[in-house]
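Okay, here's what each chain looks like letter by letter:
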Amino acid sequence: MAKQRPVDIVIVGTGMGGAAFAWQLSRLAPNLKILCLERGKWLKDRDMPAASAGWQSAAFGQWATSPNARLAAGGNPWSADYAIDDSESPLKPLMWNGVGGSSVNWAAHFPRLKPSDFLTRRLDGAGVDWPYSYNDLEPFYDLNDAMTGVCGLAGDPAYPPKPQRAMPPLPIGRAGELAAQAFNALGWHWWPVDAAINTGPYGGRQACNNCGPCLQGCMRGAKSSCDLTYLPAAMANGVEVRSGCIVLRVTIKNERVTGVTYADEDGSVHEQPASHVVVAANGIGTPRLLFASGLGRDPNSVLGRHLMMHPVAYARGLFDDDLDGPAGPVGAALYSHEFYETDLSRGFVRGFQIQVTRENSPLAQALRLSPAWGPLAQRDLAEEFRHSIVLMIVTEDLPDAENRVTVLDRMEPDGLPAVKMRYALSENTKAMIDWGYERTSEVLRAAGARREIRAPLPPMTGWHLLGTARMGDDPRSSFVDACGRCHEVSGLQIADGSIMPTVGAVNPGSTIGAMALKMASELAEELA
Amino acid sequence: MTGEAFMAALVDSIAPGGRVGHGLALPAASLVGCDRNLAKALADNRALQVLVDSIARQAGGTSAFTRSSAQERHALLEAVQSESPQAFTGLVALTLAHYYAQPQVLSALHWPARPPQPGGHELPAFDDSLLKPVLERGAIWRRC
Ligand SMILES: Cc1cc2nc3c(=O)[nH]c(=O)nc-3n(C[C@H](O)[C@H](O)[C@H](O)COP(=O)(O)OP(=O)(O)OC[C@H]3O[C@@H](n4cnc5c(N)ncnc54)[C@H](O)[C@@H]3O)c2cc1C
Ligand code: SF4
């Protein structure tokens, strides 16, 4: 095993957590030698499928959002995927395992949590409270916005005031306008989304041209991803990024981290000494690596437990009018937070948001019809394509110790143990979806829909993998402290979505970035 | 077992085209080359070959399948689908992937017959006057 020159900090993973952490630490502690190890590669020439004839089928093959689907299609050269046993989960895990992490194939909807999300136990007797508040995170949300590049509109009455967004909001399209008018008719809240997408030039990147398939990566670089934002800025500060390097173990001696062991692209194994290791390998990759490193062995450990995924349910309204089809970034155009907070008379605790999203490619829409073939299928497709409004109920997922990531007694080709996720919907979530569907029906009726189609819990919606190494003050019920420091060993920190104690009902990217910036500031102060 | 007429009848059972909603008329799959695409794919896809052979066999031969009515073919394929759901899904996915990539089909759906880039799509800018009632209601976030 080759021994590498020691560094001060090793960061595992270059997604939102790892990249934001690397940049902030490199800026605040310029003397530190910081090394990022990333299992996947840099995307070369932004060679995504959006400009090729096969762009629609690519989303089901090498450019699928699911690592398992990419592996089944022979693999993607930039994303170093590992198989995930998802046989006991109705929601399938989605991610990108290349430089920039899952920000490469995300939809870039960029909401924040709200003050109440940090206090669900105290306010509503559900979940657990965070060890800090919205106010503590707020300056880091602002900094993360500036680094990421956010379009949107300040002044949303469902949030505490936020600074002016750097760019105007995304176009919401004809479908978005119809939905907005329906929300207005019902007297319900709605607002155009904050998105990490350029609607004008920003950060040396050009504006979005509404091409549509953001989940296969953005060829124009209009969608913010960490390979275009945090990582180049961190590298300019002296951070080294070694791609194609799979971390196999965090090495530990006398309850203190000594570095990591990793395998490079050629399979050669290296020992990398470091004073401090930061793991940001995503809600599945992080517990997998930590279990492989011998952590979380105590049967009472929470490592791997409390997996939260924000189950979603779709309602599509069909209209006679010509609407937009798959034009505009595929993620949400606008959202309603009317039902975000607890009202126990609804039959569940906490709440959900309704996102108005966009249509998909004709092939994607055709393949999800049932039946997907024959004359009826084609009639249904024609009825829906360019004639639908898509509403998505995004539910708050409360932590449940039985929803978990474990490792199996068998090794995968990448040198790490096989990993499995188990996930079941809670009764609370089911009640939320049932009640939410009554509300989406009201919206669609108010918008003038001719017909409504419901699609609860489509499997390929495991976008958010959170909570599996949760943060808290008490080592008996949490894996890391408020600064992301592991309770079990010193010198180990976790800086990704794994540490979220609860997840609200909004997408997590903005919070993951803000948390990482906050933790890196604290580490810089500690090491100063 | 894979005559041209049989292949055409098979893909046309999956995407028969014709008049659909909103005044659209879609081409049949065989008119946009899905039959040739399937024939090509069979060469190196053993599971697909087995499935297609079994369809022909259950129909009493390729010519019998070709001669049977659209309804009979549909019923037979439904039976095959419930026997071999995974392989049948593969056949449908392969056929539809080729079908919906064809310029004639995209144009028939009134959608640009080109990939999304580099042209993108035009959408009007957001009109913030729509937000008047939301703003009039005032702050709704939960203070704590
Ligand atoms: C299709 C899709 C759409 C999404 N849409 C949105 C959205 O609109 N808004 C939003 O907020 N969120 C969205 N998300 C979720 C969001 O992208 C993720 O929650 C967030 O990016 C996760 O950041 P992370 O740093 O925790 O992990 P990741 O970004 O997943 O990064 C983990 C990194 O660690 C690397 N890694 C893992 N194991 C190892 C190892 N052993 N050695 C070395 N490297 C390793 C991986 O290769 C990867 O690069 C979406 C996700 C997907 C997949
Ligand atoms: S819609 Fe915009 S952000 Fe999304 S991939 Fe296309 S250009 Fe990029």
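Throughout what follows, the structure given in this document is the object of discussion.

1. Remarks on the pattern of salt bridges
Residue and element names in this part refer to chain A.
Next, step 1: Under the defined criterion, the tally for this structure stands at 44 salt bridges over all chains.
Next, step 2: Here lysine 3 ties to glutamate 271 by a salt bridge, and the two come within 3.8 Å at their closest N and O atoms. Highlighted residues: lysine 3 in strand 1 (residues 2-3) and glutamate 271 in strand 9 (residues 269-279), separated in sequence by 268 residues.
Next, step 3: A salt bridge links glutamate 442 to arginine 439; the shortest N-O distance between them is 2.7 Å. Of this pair, glutamate 442 and arginine 439 both sit in helix 11 (residues 427-447), 3 residues apart, roughly one helical turn.
Next, step 4: Taking relative accessible area as the criterion, glutamate 442 reaches 23% and is therefore assigned partly exposed.

2. Remarks on the interface of chain A and chain B
Next, step 1: On the side of chain B, 49 residues touch chain A, which itself brings 70 residues to the contact.
Next, step 2: At the boundary of chain A with chain B, total buried surface from both sides reaches about 4700 Å², with 69% on carbon and sulfur atoms.
Next, step 3: Ranking the residues of chain A by area buried against chain B places Pro157, Trp373 and Gln378 of chain A at the top, with a combined share of 19%.
Next, step 4: Linking chain A to chain B there are 3 salt bridges.
Next, step 5: In this structure, glutamate 338 of chain A engages arginine 137 of chain B in a salt bridge whose closest nitrogen and oxygen atoms are separated by 2.8 Å.
Next, step 6: Of all the secondary structure elements, the ones that give two or more residues to the side of chain A that touches chain B are helix 2 (55-58), helix 4 (120-124), helix 6 (173-186), strand 5 (191-192), helix 9 (362-367) and helix 10 (375-384) of chain A.
Next, step 7: Looking at the side of chain A that touches chain B element by element, the count peaks at 6 residues for helix 10 of chain A.
Next, step 8: For the side of chain A that touches chain B, a count of residues per class yields 37 nonpolar, 19 polar and 14 charged.

3. Description of the packing of aromatic side chains
Next, step 1: A complete count under the given rule lists 19 aromatic pairs over all chains for this structure.
Next, step 2: A centroid spacing of 5.5 Å and a plane angle of 15 degrees characterise the contact between tryptophan 63 of chain A and tryptophan 96 of chain A, whose relative ring orientation is stacked. Of this pair, tryptophan 63 of chain A sits in the loop between helix 2 and helix 3 (67-72) while tryptophan 96 of chain A sits in the loop between strand 4 (84-88) and helix 4, placing them 33 residues apart in sequence.
Next, step 3: Judged by relative accessible area, which is 9%, tryptophan 63 of chain A ranks as buried.
Next, step 4: Look at tryptophan 96 of chain A and you get buried, because its relative accessible area is 3%.
Next, step 5: Taking 5.2 Å as the distance between ring centres and 65 degrees as the angle between the ring planes, the aromatic pair formed by tryptophan 373 of chain A and phenylalanine 88 of chain B counts as edge-to-face. Remark: phenylalanine 88 of chain B occurs in helix 6 (residues 85-99) and tryptophan 373 of chain A occurs in the loop between helix 9 and helix 10; the pair is interchain, linking two chains.
Next, step 6: On the accessibility criterion, tryptophan 373 of chain A (3% relative accessible area) is buried.

4. Quick notes on the site of ligand 1
All names here are of chain A.
Next, step 1: Lining the immediate environment of ligand 1, one finds 38 residues, of which Gly17, Glu38, Ser102, His109 and Gly509 sit closest.
Next, step 2: A distance of 3.3 Å separates an oxygen atom of ligand 1 from a polar atom in the backbone of methionine 16.
Next, step 3: Separating an oxygen atom of ligand 1 from a side-chain N or O atom of asparagine 97 is a distance of 3.5 Å.
Next, step 4: Protein chains bury 98% of the 1000 Å² of accessible surface belonging to ligand 1 in isolation.
Next, step 5: Secondary-structure elements contributing two or more residues to the shell around ligand 1 are helix 1 (16-28), strand 3 (34-38), strand 7 (246-253) and helix 12 (509-527).
Next, step 6: Considering only residue class, the shell around ligand 1 consists of 18 nonpolar, 17 polar and 3 charged.

5. A few points about the sheet that holds strand 5 of chain A
Next, step 1: Sheet architecture is open: 6 strands sit in the order 5-11-12-13-10-16 (chain A), paired in antiparallel fashion. Strand pairing shows two members of the sheet lacking a second neighbour, strand 5 and strand 16 (451-456) of chain A, which therefore form its edges.

6. With respect to the site of ligand 2
Next, step 1: Surveying the vicinity of ligand 2 reveals the residues Ile197, Cys208, Asn209, Asn210, Cys211, Gly212, Cys214, Cys218, Arg220, Lys223 and Pro329 of chain A together with Gln117 of chain B.
Next, step 2: Site remark: ligand 2 is flanked by residues from chains A and B.
Next, step 3: Considered class by class, the residues forming the shell around ligand 2 number 6 nonpolar, 4 polar and 2 charged.

7. As for helix 6 of chain B
Because an α-helix packs 3.6 residues into every turn, residues spaced three or four apart end up facing the same way.
Residue and element names in this part refer to chain B.
Next, step 1: Taking 1.5 Å per residue, 15 residues should reach 21 Å; helix 6 reaches 21 Å between its end C-alpha atoms and fits that length.
Next, step 2: When helix 6 is considered as a whole, its buried residues turn out to be Phe88, Leu91, Val92, Thr95, Leu96 and Tyr99. Across the axial projection of helix 6, the buried residues extend over an arc of 120 degrees, all falling on one side.

8. So, the sheet that holds strand 4 of chain A
Residues and elements named next belong to chain A.
Next, step 1: Pairing is mixed across the open sheet formed by 3 strands, whose spatial order is 4-15-14. Only two strands of the sheet have a single neighbouring strand rather than two, namely strand 4 and strand 14 (404-411). Strand-to-strand twist across the sheet, computed as the mean angle between neighbouring axes with direction ignored, equals 30 degrees.
Next, step 2: Contacts between helix 8 (residues 282-292) and the sheet are confined to strand 4, strand 14 and strand 15 (417-422), with strand 14 contributing the most and set at about 50 degrees to the helix.

9. Structural notes on helix 6 of chain A
All names here are of chain A.
Next, step 1: With 14 residues, helix 6 extends 20 Å from end C-alpha to end C-alpha; this agrees with the ideal 20 Å at 1.5 Å per step.
Next, step 2: Residues of helix 6 that are buried include every one of Gly173, Ala175, Gly176, Leu178, Ala179, Ala180, Ala182 and Phe183, and no others.
Next, step 3: Of the surrounding secondary structure, the elements contacted by the buried residues of helix 6 are strand 11 (334-336), strand 12 (352-357), strand 13 (388-395) and helix 11.

Cut-offs used in this document
Residues numbered from 1 in each chain as written. Chains lettered and ligands numbered in written order. Predicted model: local features only at pLDDT ≥ 70, side-chain atom pairs only at ≥ 80, totals over all residues. Heavy atoms only, no water. Salt bridge = Lys/Arg side-chain N within 4 Å of Asp/Glu carboxyl O. Helix = DSSP H or I, 4+ residues; strand = E, 2+ residues; numbered from the N terminus. Buried < 20%, exposed > 50% of the residue type's maximum accessible area, 1.4 Å probe, protein only. Contact = heavy atoms within 4.5 Å. Buried area = accessible area lost by both parts, 1.4 Å probe. Nonpolar A, V, L, I, M, F, W, Y, C, P; charged D, E, K, R; others polar. Phe/Tyr/Trp six-rings, centres within 6.5 Å; stacked < 30°, edge-to-face > 60°. Near = heavy atom within 4 Å. Polar contact = N/O pair within 3.5 Å; in protein donor to acceptor, adjacent residues only side chain to side chain. Areas by Shrake-Rupley, 256 points an atom, 1.4 Å probe, with all protein chains shown as cover. Pairing = 2+ DSSP bridges. Expected span 1.5 Å × (residues − 1). Arc of directions from axis to C-beta. Axes fitted to C-alpha atoms, helices over the stretch in contact; angles between N-to-C directions.

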